[in-house]
Amino acid sequence: MEESIAGFKQRGSWGEIVEHGERITSALRDASVDGEAFDEWDEWRPKSHERLGEDIEEKTAEQASIGEGPGEREGKRPEDDIKSAGEKLSESYEKVEEGESESAIERWQDSISYATRAADSAGRKAIRTVEDTVYRKVMTQLAPYYFDNELVSANVQRSSRGDREEFVFEVNINDDELKEEVSDRLAEYEDVVDRWHIDTEKQTETSEAVEGVEAPENGEESKSTTN
């Protein structure tokens, strides 16, 4: 592994970069890091059963997509908000005719809010369509697969050396103090770990057929262990 101001870089086989991601994830967990940002990273990082041009591409496209707007988070479609905007506008006219200026202004402001939210939701939907097309057809040809949130910035790409296929996986911890702690823990792993056990996706049906036992109900992926 190479360590620099840009982060922790590993070059090697798919198994080696999977192990690199697992070590960093373990170091973050040992540093008591958790929460949504950690879960997003843990979900995106390469796994032993995944493929770069399929699984990682799919997860990168999803992660890179523009987030949900306020209307979408409430489960409202643009047409729902347009309808509400029209209703509030009609109520505003009614209040004007009734001489209730303050109420009319409130209804008018509500109408503007609904219309604005509808435009935001429709715009985000259109942007996502463009993003997905551009990413899948263009960016994957020009740039590595990347991940970025407030906790981690990372990228992975294929790099061939002669006849041997290799990958380059670079991970940076965005908080400098946490990055230093992760660096220390990675160094400890190098000193004390003889062999790193890579996580593998459980094949529960096969396990049950061979061993004659039921698989655990939680079905969680096995965690990395060390010897």
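Everything below is about the structure shown above.
Residues numbered from 1 in each chain as written. Predicted model: local features only at pLDDT ≥ 70, side-chain atom pairs only at ≥ 80, totals over all residues. Heavy atoms only, no water.

Engineer: Whenever I open this one, helix 2 (residues 36-44) confuses me. Can you help?
Structural biologist: Three or more residues of helix 2 are buried, namely Ala37, Phe38, Trp41, Asp42 and Trp44. Along helix 2, the residues classed as buried sweep out an arc of 170 degrees about the axis, all on the same side. Turned more than 90 degrees off the buried face of helix 2, the exposed positions are Glu36 and Glu43. (Buried < 20%, exposed > 50% of the residue type's maximum accessible area, 1.4 Å probe, protein only. Helix = DSSP H or I, 4+ residues; strand = E, 2+ residues; numbered from the N terminus. Arc of directions from axis to C-beta.)

Engineer: Explain the side chain of Lys59 here, please?
Structural biologist: Locating Lys59 in the fold gives a position in helix 3 (residues 52-64). Looking at Lys59, its side chain comes within polar contact range of the main-chain oxygen of Arg45, at 3.5 Å. Those residues in contact with Lys59 that sit more than four places away from it in its chain are Glu43, Trp44, Arg45, Lys47 and Glu50. (Polar contact = N/O pair within 3.5 Å; in protein donor to acceptor, adjacent residues only side chain to side chain. Contact = heavy atoms within 4.5 Å.)

Engineer: Would you mind going over the pairing of strand 2 (residues 7-12) with me for this structure?
Structural biologist: One face of the sheet, then the other: side chains in a regular strand alternate in exactly this way. As paired elements, strand 1 (residues 2-4) and strand 2 share three bridges and run antiparallel to each other. Among the inter-strand pairings, Glu2 is bridged to a residue of strand 2, identified as Lys9. In textbook terms, the turn of a hairpin is the stretch between consecutive antiparallel strands, and for strand 1 and strand 2 this stretch comprises two residues. In this structure, strand 2 lies alongside strand 5 (residues 164-173), joined through five bridges in antiparallel fashion. (Pairing = 2+ DSSP bridges.)

Engineer: Looking at this model, I keep getting lost on the packing of helix 1 (residues 14-30) against helix 2. Mind explaining?
Structural biologist: A pair of packed helices is characterised by two quantities: the angle between their axes and the separation of those axes. With their axes 10 Å apart at the nearest point, helix 1 and helix 2 run at an angle of 165 degrees to one another. On the basis of the axis angle, helix 1 is roughly antiparallel to helix 2. With respect to the hand of their crossing, helix 1 and helix 2 are arranged in left-handed fashion. From helix 1, Gly21, Ile24, Thr25, Leu28 and Arg29 reach across to helix 2, where they touch Phe38, Trp41 and Asp42. (Axes fitted to C-alpha atoms, helices over the stretch in contact; angles between N-to-C directions. Parallel < 35°, antiparallel > 145°, perpendicular 65-115°, else oblique. Left-handed = near helix turned anticlockwise from the far one by under 90°.)

Engineer: What is the right way to look at the packing of aromatic side chains in this model?
Structural biologist: Here the distance between the centres and the angle between the planes together describe a pair of aromatic rings. In the structure shown here, the tally under the stated rule is six aromatic pairs. Ring centres 5.1 Å apart and planes at 70 degrees place the aromatic pair Trp14 and Phe167 in the edge-to-face group. Separated by 153 residues along the polypeptide, Trp14 in helix 1 and Phe167 in strand 5 bring together distant segments of the chain. Residue classification places Trp14 among the buried positions, given a relative accessible area of 14%. In this structure Phe167 comes out as buried when scored by relative accessible area, which is 7%. Aromatic pair Trp44 and Phe169: ring centres 6.3 Å apart, planes at 50 degrees, arrangement tilted. (Phe/Tyr/Trp six-rings, centres within 6.5 Å; stacked < 30°, edge-to-face > 60°.)

Engineer: Before we go on, may I ask you to explain the pattern of salt bridges in this structure?
Structural biologist: Should the charged atoms of two oppositely charged side chains come close, the side chains can pair. Summed over the entire model, instances satisfying the criterion amount to six salt bridges. One salt bridge in this structure joins Glu50 and Lys59, with 2.9 Å as the shortest N-O distance. A salt bridge links Glu181 to Arg185; the nearest nitrogen and oxygen atoms lie 3.4 Å apart. Of the two residues, Glu181 and Arg185 are both situated in helix 7 (residues 176-192); the distance of four residues between them amounts to about one turn of the helix. Accessibility expressed as a relative area gives 23% for Arg185, which makes it partly exposed. When salt bridges that share partners are traced, they join Glu19, Arg23 and Glu190 into one network. (Salt bridge = Lys/Arg side-chain N within 4 Å of Asp/Glu carboxyl O.)

Interpretation in functional terms is not warranted from these geometric data alone.
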